[in-house]
Amino acid sequence: MPLHDVGYRAWNSQRCGPTATVWVIAVTGFRLAWESRWLRRMVFFAWSPALIFAASFFAFEQAVDEGRLMSLGEAAERGKNLDGVGMLGTVLADALGGDPDSVDIESTRRLVWTRLLLAFMRAPQALLLAAVVGLVAPTLISRDLRAKAWLVYFTRPVGRREYILGKAVILLLLVLAITMLPALALWLMGVLVSPSLAVALETWDLPLRVMVASLALAIPTVLLALAYSSLTAESRIASFAWFATWVALWIAHGALTTADLVASIRAEEQAAAVATGAEVGEVWAGEGSPPQFQRRPEARPSPFRRQFRWLARATGIDTSLDRWAWVSPYHSLGVMQAAIFGIDRRIRSWGPPAVTLLVITAGSLVVLAWRVTAPARG
Amino acid sequence: MTAAVDAIPVQLTDVVKRYGRRTVLAGVSLEVQPGITGLVGPNGAGKSTLVRSMLGLVRLAEGEARVFGHDPYRQPRRVRELVGVVPEDECSIPGLSGVEMVRYAARLSGLPATEALRRAHEVLDWCDAGQERYRPVETLSVGTRQKVSFAAAIVHDPPMIILDEPTNGLDPIERRAMLGRLTTLARNHGKTIFVSTHVLPDVQAICDRVIVLARGQVRLAGSIADLTRPPSPVHHLTGTGPLDRLVSELAARGLPATLATGETGPLLAVASPQPEQVAAVWAAAASAGVAIRSFAPARRPLEQVFLETLRQAELETNVDRPFGSQSGGAHALA
């Protein structure tokens, strides 16, 4: 018997409540997940896009400080890549709207910052989020099912609610670490490099929008990932389902959008043909060259928008209605974030994606509630 | 908590549980009193479902369950605060060490952080876990894992402990130590211990009462002393010397005895003497030149009681069953 063995002693003291249980599950799960070298690398890598966006913030504030905003805007209008990636140039050109005399620094700053933050959270971070969640989430519940660790929880004063919340908080911490924290850091850096700290008061709502947008991004994705994890004891299957959902629905969205685009071009061609008196598909039999199809200038996307339409939508430059956004979680999240950042508030834009995200959230919760205690029920 | 703990630990009344069309518990009524109670039964008897119903993990089709006066399905948190469980299945969180696992269990049971760590070490010391506690649970030997599992069940000092096959995979020394710990908890600390097991000698060694479950029904329940008492009262006498001479000496004193063979050698089965006749037994032994080693009421092995009960249950089931239907579970009687 060891010297320090004091035998069995009674214990009767004040116990902690269910909130502490959630936190215990979350912290222990996070610590175990963090032991993965791959996860640490991914999270480190997930912060790298912030450096590029930080350069955009710095270039903008430097231009404001040195009074070069107009030249910056003019250069942007000419399509020059001022910050090396073209992001700031495009955003700024769109913000200034080609009317250099009516530039208001405050409103321009708000617009530029908003679009930069949205682009940051939307384009690189949402994709990295899918990767990070796909790395961690599939094991969270499926491993408990496989190792019968659910007995560790459900033979103790832990309910379904605390269990699901605890697991969700593990992912929420990770998601917020790669979306909200770097976005808030960008805003803070923007304030620090701006000519006056009063900029913080001018843009006070942006951190709040960042937080709300991060939660809008995190909640459905986290619950969907956990629901997949709860459906199988094989984490590989959950991983596959998770990535397949993102990729397949992205492709579905792309296919539907392309079909729409082709249909609209055909309709315009038809309209142009009617205007010139020719039948659609009719072989030109007139003299000289056939009449050229003239599209309306506002309907013709710029080369940048054509190449990176999804990025243009992400930054809020392209606010044309994405009527198929609800098909894909990625695009639904983008539309919701654009609405939260105040770039596209039309209900017909964010209504259907909001329904999609609500359905994902509610469906995932139902699956989780049903599945997590299924082994205990026999 | 005191009021709750003063209540009867477990009371089940006409409990019915069905999985689809299959009835797993068919009107189970039982009480688990303080002390050590064993639950025995063949595979598929409904033991695990019974334990799950005590923890509120399954919803009962009919009947009522009370654990320390609480309904386990409606108040699972309250019930699980009062109960510690050692499941049969190996369950652990991969990546945690033994002590972290016990500490985690303590935290989940509501102990504050520092207290949980202190208490985890304390119970692991008591369970003789040694330095093994610092190794990841998935790398521990079966015996150490069982100690960790047991420590995790008692870390929050519950008034009742439910164990499912607690001596599975333990060597004889560890098995004896585990049974000793259970006895200590019951006798010295007033815990209610409920052991579900197939190892009948373990039940006979430590339990005060036993419940035999078969085909979802309680077939036998009572104290071990009562259930293992032979039909006619007999004492067993073992000793060294001429036992055959002792038989005739006892007969001369009006105490009929027969020579039999016990587990450890020859013994005498003596018709249980009245208290005033006990001295005559010792006198007969002295005159026969026999040195008595033991003289105690005879006990039937629990295994015999168990098999008889199952045989009876099987007969009853076959009587109820239509002619020609398949007789499942007959292997249990083989």
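Residues numbered from 1 in each chain as written. Chains lettered and ligands numbered in written order. Predicted model: local features only at pLDDT ≥ 70, side-chain atom pairs only at ≥ 80, totals over all residues.

Student: Before we go on, may I ask you to explain the sheet that holds strand β11 (residues 257-262) of chain B in this structure?
Tutor: Residues and elements named next belong to chain B. If you trace the 4 strands from one edge of the open sheet to the other, you get β11-β12-β10-β13, paired in antiparallel fashion. Sheet topology places β11 and β13 (291-297) at the edges, where each strand pairs with a single neighbour. Averaged over all adjacent pairs, the angle separating strand axes in this sheet is 30°, with direction ignored. One ladder, built from 6 bridges, connects strand β10 (residues 234-240) with β13; its direction is antiparallel. By the bridge assignment, H236 is partnered in β13 with A296. (Pairing = 2+ DSSP bridges. Helix = DSSP H or I, 4+ residues; strand = E, 2+ residues; numbered from the N terminus. Axes fitted to C-alpha atoms, helices over the stretch in contact; angles between N-to-C directions.)

Student: It is not clear to me how the domain arrangement of chain A should be interpreted in this structure. Could you clarify?
Tutor: It is common to give the size of an interface as the accessible area that goes away when the parts come together. All names here are of chain A. According to the domain assignment, chain A contains domain 1 (18-236) and domain 2 (251-377). Counting residues at the interface gives 32 residues for domain 1 and 30 residues for domain 2. Among the elements that make up the side of domain 1 that touches domain 2, the one with the highest residue count is helix α11 (residues 205-230) (12 residues). Class assignment of the residues belonging to the side of domain 1 that touches domain 2 gives a composition of 23 nonpolar, 4 polar and 5 charged. (Domains from an automatic or database assignment. Contact = placed C-beta atoms within 7 Å. Nonpolar A, V, L, I, M, F, W, Y, C, P; charged D, E, K, R; others polar.)

Student: Explain the confidence of the model for chain B here, please?
Tutor: In low-pLDDT regions, the fine details of the predicted coordinates are not to be read closely. Residue and element names in this part refer to chain B. Of the residues in chain B, 93% reach a pLDDT of 70 or more, and the chain-wide mean stands at 85. The element-level mean pLDDT for chain B is lowest in helix α1 (residues 2-6), coming to 57, with helix α4 (residues 98-108) highest at 95. Under a pLDDT of 50 for its full length, residues 323-334 has, in the predicted model, 10 contacts with residues more than four places off or in other chains. As scored by the predictor, the complex reaches a pTM of 0.80 and an ipTM of 0.79. (pLDDT = per-residue confidence, 0-100.)

Student: Would you mind showing me how to read the interface of chain A and chain B here?
Tutor: At the interface, 34 residues of chain A touch 37 residues of chain B. Going through the elements one at a time, α1 (18-34), α7 (150-154) and α17 (374-377) of chain A are the ones with two or more residues in the side of chain A that touches chain B. Looking at the side of chain A that touches chain B residue by residue, the classes come out as 17 nonpolar, 9 polar and 8 charged.

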